[in-house]
Each structure stands twice: as C-alpha cells, then as structure tokens.
Amino acid sequence: MCTDNVLTGTSVDGMTTSIPLDRRLAVDGGRPYRPPETPWPRWPVPAPNAERNLSAVLHGGRWAISSPAYGDTALFERRFAADFARYVGTRHCVPVDHGSSALVVALESLGLGFGDAVLVPALTWTASATAALRAGLVPVLVDVDLDTGCVGPEDLDLSVEPRAVVAVHWASNMADIPALDAVTAPHGISVVEDCAQAHGATWQGRQAGSFGRLGCFSFQHGKVLSCGEGGAVVTDDDTLAPVLQELRADSRRYRSRATPPGELDLEESAGVQGANFCMSEFSAAVACAQLAALDEQHDVRNRNYALLTELVADLDEVRLLQPAPAQTRTSIYEGTIIFDELPAAMDNGAVATALTAELGRRFYVTDEPLHRSRLLQPWTKPLLAPLAERFTAIHRDRSYPKTEWLAAHTVQTHHSTFLGGERDMHDIAGAISKICAR
Ligand SMILES: Cc1ncc(COP(=O)(O)O)c(C=O)c1O
C-alpha cells in the first residue's frame, strides 16, 4: 500500500514493512536513480575513416574477395588481414564472415577425426560449442574457474580423450592459456583461443589470440571491434595458414604472384575441401577503420571500470569481475558485477531488471550456461545425429557448480556503458547501493 510518504507492504516472513517513498526502487514505482533523459554512450561508434573506406568499396568495383582485379583497387580484406595480424602479433590472419565461422575453420584445420571430443567451457555463447559440431566434432562441456569465469587447467577432463580445447576468454577476462598448454601439450591436444570477447586483451604483455595454436575473433555488431558481421582466425602456424585460406574460400588461396588484370586474387589451389566463409569487402572496409580506434576505446573503458571497481569497494556484498594478476590489459566486452550476496528476496535476474530501471541502461544476466541452453540442440539436425548421440551420452551425469554459481550471482552490461564519463560510474555505483540497501 502506498501513502504520501511511505510504501507499506508485507514482507516474505509476514511482517509489515514501511519504506520511505524516495528509497523505493524504480521497478517498484520509485524515482529512478538516474534521470531517464540522461543519455548513455551509443554503440557502435563509427571510426573516422569508416565512411571513406565504405565509399571506396562502393565505387571501387570490388565488393568481394572473389571480384576480378579492377584497375589498382586493392582488397580491404587483405589489408585488414595484415593490419590485424600486426595488431595481435601473429604471422597470419585469415578474415571470415562470422566469429562462428572462424571457430569452424580453425577446428577443421586441425584435421581431427569425425566425432573426436573438444572441450568447451559451459559458460560461453552457444557458437563456441556449435562450431565444434559443425566441424564434425563433439563438444564436451567443462566447468570454469570461479575467479576468472574461464576454463582453467583443473577443469580439463582428459578422460574423454579430447583432441582440442576451445578456451574462451570470458566477458573481460583471459583464460590462462600457458597453464592450459602445460596440461594439454603433452597429450597432443590443441588449444584454440575463442577471443570473441577479448580483442586487444593482453597476458604478460602478449595479445589474446597469439598464445593458442589458433585464435578466433568475432566482429559482430556488439563486439569491441565490429564491422556488423565478421570474424578472423590468427595463427603463427605456417602450415595451418594456407589450409585456413582454402577452408574459407571454396578451396582457393591467394595467388603467390601478382594478379593479372581481370583475374581473381584467388587461385584454385584445391588442397582441402573448403566452403564460402569469406568476409565481404564492405565489412573489411569498416573493420580496417574500427581497428584504428580500438586502443583508445580500451583506455576509456578500462579507466571507467577501474573507477567503478573503487566506487563499489565499500559494499561488502558486491564486487566487479577482475582479471588474473598475469593479465596486463583488460578488454571489457561485458562489464560483470558479482553479487556475492544477493539483495533479500531478489535473484540476479531481478537485480538486473532493477538496475535497468534505475539507470535507463540495459543490465542483464549472462547467457544460459550451455549444459542447459535451449540453443544447443544437435539432435534437431539429421546431419549431426551421430555426434548428438555421443554428446547426449557424455553429458548425462555432469555438473557445473562453478558455472552455475557465476550464472546465478552476476549481472552484466555491454562494454559501451563504460565509454562515457565518470558521472556514469557514480550513477551505476549509486544505483547498486540503492538496490543493496533495499
Ligand atoms: C565467446 C563467443 N564465441 C563465438 C561467438 C560467435 O561470433 P559470431 O556471432 O560473430 O558468429 C560469440 C558471439 O557472441 C562469442 O561471444
């Protein structure tokens, strides 16, 4: 019941409670902590040269890497491959159309047997696992480290005789790839880094993607480096690089010599069965421009994240997800707030809804862990039937307590929330305390 000054109600234990009106949560009809008209940063932010690059493609006569050579128009895809390989610090980069495709061709390039097991953390987007199925492999879900949210060496299940691990760098944290390597290398197990949430993150000064045998990136709309839809595989392996090129361009690679006028840059090298996973020239043009703006955006986000970490330090029940000490730069894909103790009578979904209402910015819970995700359903595709059978049998008696704890105690917000100023961080901290004080 609501009177002029107080909200009166009955609590879960049957007691009558009265709350002064100005402390009522916005979800309960109170005044939002942040005035609704206060704007938040928008995403994506077009980089200074994006428009110029797009126009160059539009009028340049080459809209795909399978376009015939036209005058002296160079392909943006090749330029992006060189720029991104330099950025990550690897010898090779093969751009593709999606991050999922990057994982598919990366796993295919390893030449594993049909039905071989690939370890995949349960706490990730469904594509980390469906890519394994698309490559003819069985994803075996494993738990994650409670501190980082990423698969750790103690989570690896060698009993299923895995041939690869998809090590996902989650939210804003890097997995400890050297530690994973120490366990997997003696068994000939390849580590594939899933860097869809970690562009530009560093571990002891070295970039995500440069540690594993292969590193896979997504440039989908919401990613910190975006061109709408896109992806890339990076590697230092000179034998895998040409295989990756063929897998993504219908068994064709780039010519080793200059392209004659009117011919394609691609030649039919035909070493392995490929498919078309090529990045469009429009996407590549945008990706080239956005890459130049990435580090500056990292600095802004990381400064704000550090400030918010400080601002919530006095709240015993709340903290922000922090990287392992060896991680030297964070790439915040999703800012992750951990509620060690959830506010009374609220689960993290209710907290996310309450924060959204207080701040006028979307806060949400993480994607459903894969062991109970409705999106991971290989039994619905006849082609995957033999893999689905093994997938179902393997997962019958598994549990993921650390993944479940993180899924139940975290609330996330998109990285662009951290692209504004200090005021935004003070508002988030204030809204968190208001909800905790309820
Ligand atoms: C961890 C992870 N892996 C893979 C992907 C797939 O990338 P894409 O959407 O570009 O196919 C995503 C996308 O959200 C992701 O977060």
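Rules used throughout
- Residues numbered from 1 in each chain as written.
- Predicted model: local features only at pLDDT ≥ 70, side-chain atom pairs only at ≥ 80, totals over all residues.
- Heavy atoms only, no water.
- Helix = DSSP H or I, 4+ residues; strand = E, 2+ residues; numbered from the N terminus.
- Rg over C-alpha atoms; globule rule 2.2 N^0.38 Å.
- Buried < 20%, exposed > 50% of the residue type's maximum accessible area, 1.4 Å probe, protein only.
- Contact = heavy atoms within 4.5 Å.
- Lys, Arg positive; Asp, Glu negative; His and termini not counted.
- Charge placed at Lys NZ, Arg CZ, Asp CG, Glu CD.
- Pairing = 2+ DSSP bridges.
- Near = heavy atom within 4 Å.
- Polar contact = N/O pair within 3.5 Å; in protein donor to acceptor, adjacent residues only side chain to side chain.
- Areas by Shrake-Rupley, 256 points an atom, 1.4 Å probe, with all protein chains shown as cover.
- Nonpolar A, V, L, I, M, F, W, Y, C, P; charged D, E, K, R; others polar.
- Domains from an automatic or database assignment.
- Buried area = accessible area lost by both parts, 1.4 Å probe.
- Salt bridge = Lys/Arg side-chain N within 4 Å of Asp/Glu carboxyl O.
- pLDDT = per-residue confidence, 0-100.

## As for the overall build of the protein chain
Across its full length, the protein chain holds 11 helices and 18 strands. For 438 residues, the compact-globule estimate of 2.2 N^0.38 gives 22 Å, and the C-alpha radius of gyration of the protein chain, at 24 Å, lies within 12% of that figure. A principal-axis box enclosing the C-alpha atoms of the protein chain has dimensions of 80 × 50 × 40 Å. Going through the 438 residues of the protein chain one by one, you find that 55% of them count as buried. Considering only residue pairs separated by 6 or more positions, the protein chain has 70% of its internal contacts joining residues 24 or more positions apart. Averaging the locations of the 37 positively and 54 negatively charged side chains of the protein chain gives two centres separated by 5 Å.

## Let's talk about unusual backbone geometry
A cis amide bond links W43 to the next residue, P44, at an omega of 0°. Along the polypeptide, P44 turns up in the loop between β2 (16–20) and α1 (50–60). Residues other than glycine seldom take positive phi values, yet A270 does so here, at roughly 55°. Summarising the element assignment, A270 is placed in the loop between β13 (266–267) and α7 (281–311).

## Considerations on the sheet that holds strand β8 (residues 202–203)
Taken in spatial order, the 3 strands make up an open sheet running β9-β8-β15, and their pairing is antiparallel. The open sheet has two free edges, formed respectively by β9 (206–207) and β15 (327–329), since each of these has just one partner strand. Bridge analysis of β8 against β9 gives 2 bridges, and the strand direction is antiparallel. The residue of β9 that forms the bridge with T202 is Q207.

## A few points about the site of the ligand
What surrounds the ligand is a group of 16 residues, the closest being G99, S100, D194, S218 and K223. A distance of 2.8 Å is found between an oxygen atom of the ligand and a backbone nitrogen or oxygen belonging to G99. Within the side chain of D194, one N or O atom sits 2.8 Å away from a nitrogen atom of the ligand. Coverage of the ligand by the protein chains reaches 91% of its 390 Å² of free accessible surface. Of all the elements in the fold, those that place two or more residues in the shell around the ligand are α3 (99–109) and α4 (127–134). When residues in the shell around the ligand are grouped by element, the largest group, 3 residues, is from α3. Looking at the shell around the ligand, its residues break down into 5 nonpolar, 9 polar and 2 charged.

## Side note on the domain arrangement of the protein chain
Domains assigned within the protein chain are domain 1 (6–45 + 293–368 + 401–437) and domain 2 (50–292). Look at where the C-alpha atoms of domain 1 and domain 2 centre, and you get two points 32 Å apart. Residue-level contacts link 34 residues of domain 1 with 38 residues of domain 2. In total, about 3000 Å² of surface goes out of reach between domain 1 and domain 2, with carbon and sulfur atoms giving 52% of it. The largest share of the area that domain 1 buries against domain 2 comes from L294, Y333 and K402, three residues that together contribute 22% of it. Between the two partners, domain 1 and domain 2, sit 1 salt bridge. In this structure, D155 and K402 form a salt bridge, with 2.7 Å as the shortest nitrogen-oxygen distance.

## Brief notes about the sheet that holds strand β18 (residues 410–414)
Taking strand neighbours across the sheet as the criterion, the 4 strands line up as β14-β16-β18-β17 in an open arrangement whose pairing is antiparallel. Because the sheet does not close on itself, it has two edges, and the strands there are β14 (318–320) and β17 (363–364).

## As for the confidence of the model for the protein chain
Residue-level pLDDT values for the protein chain average 95, and 95% of them are 70 or greater. For the stretch residues 1–13, pLDDT sits under 50, and the model shows 27 contacts to residues farther than four places along the chain or on other chains.

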